[in-house]
Amino acid sequence: MALHHISGGHSYLLQLRVKDMNAVQDFLAEVVKPFTAVTHTETIFALKTHKETAPVRVAPRSDGE
């Protein structure tokens, strides 16, 4: 759903929505860990979501970028 380059002890924060724990394990094993640059992963799960917002549509800049 989202990939953020972040500061601190971690390089990236990847937000996933998956069916179950097996899907998380499969995604990490098949998609993330095959990259040689990935030396380790840390997984954190949301126990409960209090607020979730849909993406906001942003109009293109007037200078064309």
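So, here is what we can say about the structure in this document. (Residues numbered from 1 in each chain as written. Predicted model: local features only at pLDDT ≥ 70, side-chain atom pairs only at ≥ 80, totals over all residues. Heavy atoms only, no water.)

Side note on the overall build of the protein chain
Within the protein chain, the regular secondary structure consists of 1 helix and 2 strands. In the protein chain, the succession of α and β elements from N to C terminus is β-β-α. Principal-axis analysis of the C-alpha atoms gives the protein chain an extent of 45 × 30 × 25 Å. Looking at the protein chain residue by residue over its 65 residues, the buried ones come to 5%. Residue pairs at least 24 apart in sequence account for 12% of intrachain contacts in the protein chain once pairs closer than 6 positions are excluded. Working note: accessible area of the protein chain is about 6,500 Å², and carbon and sulfur atoms make up 56% of it. Of note, the protein chain has its 7 positive side-chain charges centred 8 Å away from the centre of its 7 negative side-chain charges. (Helix = DSSP H or I, 4+ residues; strand = E, 2+ residues; numbered from the N terminus. Buried < 20%, exposed > 50% of the residue type's maximum accessible area, 1.4 Å probe, protein only. Contact = heavy atoms within 4.5 Å. Areas by Shrake-Rupley, 256 points an atom, 1.4 Å probe, with all protein chains shown as cover. Lys, Arg positive; Asp, Glu negative; His and termini not counted. Charge placed at Lys NZ, Arg CZ, Asp CG, Glu CD.)

Points about a nonpolar patch on the surface
Side chains of Leu3, Tyr12, Leu14, Leu16 and Val18 sit close together on the surface and give an oily, nonpolar patch of about 460 Å² of accessible area. With respect to the helices, strands and loops of the structure, valine 18 is situated in the loop between β2 (12-15) and α1 (21-32). (Patch = residues over 30% accessible without salt bridge, like charges linked within 9 Å, V, L, I, M, F, W, Y side chains within 5 Å. Salt bridge = Lys/Arg side-chain N within 4 Å of Asp/Glu carboxyl O.)

Topic: the pattern of salt bridges
Enumeration over the complete set of coordinates arrives at 1 salt bridge. Between arginine 17 and glutamate 52 there is a salt bridge; the shortest N-O distance is 2.3 Å. Remark: glutamate 52 occurs in the segment after α1 and arginine 17 occurs in the loop between β2 and α1; sequence separation between them is 35 residues. Given a relative accessible area of 56%, arginine 17 falls into the exposed group.

Section: the environment of arginine 17
Considered as a pair, arginine 17 and methionine 1 are 16 residues apart in the sequence and their alpha carbons are 6.8 Å apart. If we ignore the near neighbours within four places in the chain, the residues touching arginine 17 are Met1 and Glu52.

Quick look at the pairing of strand β1 (residues 2-5)
Bridge count between β1 and β2: 4 bridges; the pairing is antiparallel. Of the residues in β2, the one forming a bridge with alanine 2 is glutamine 15. (Pairing = 2+ DSSP bridges.)

Notes on α1
Compared with an ideal rise of 1.5 Å per residue, which puts 12 residues at 16 Å, α1 spans 15 Å between its outermost C-alpha atoms and is within 8% of the ideal. The inward-facing, buried residues of α1 abut β2. The opening residue of α1, the one whose side-chain oxygen lies 3.2 Å from the backbone nitrogen of asparagine 22, is aspartate 20. (Expected span 1.5 Å × (residues − 1). Polar contact = N/O pair within 3.5 Å; in protein donor to acceptor, adjacent residues only side chain to side chain.)

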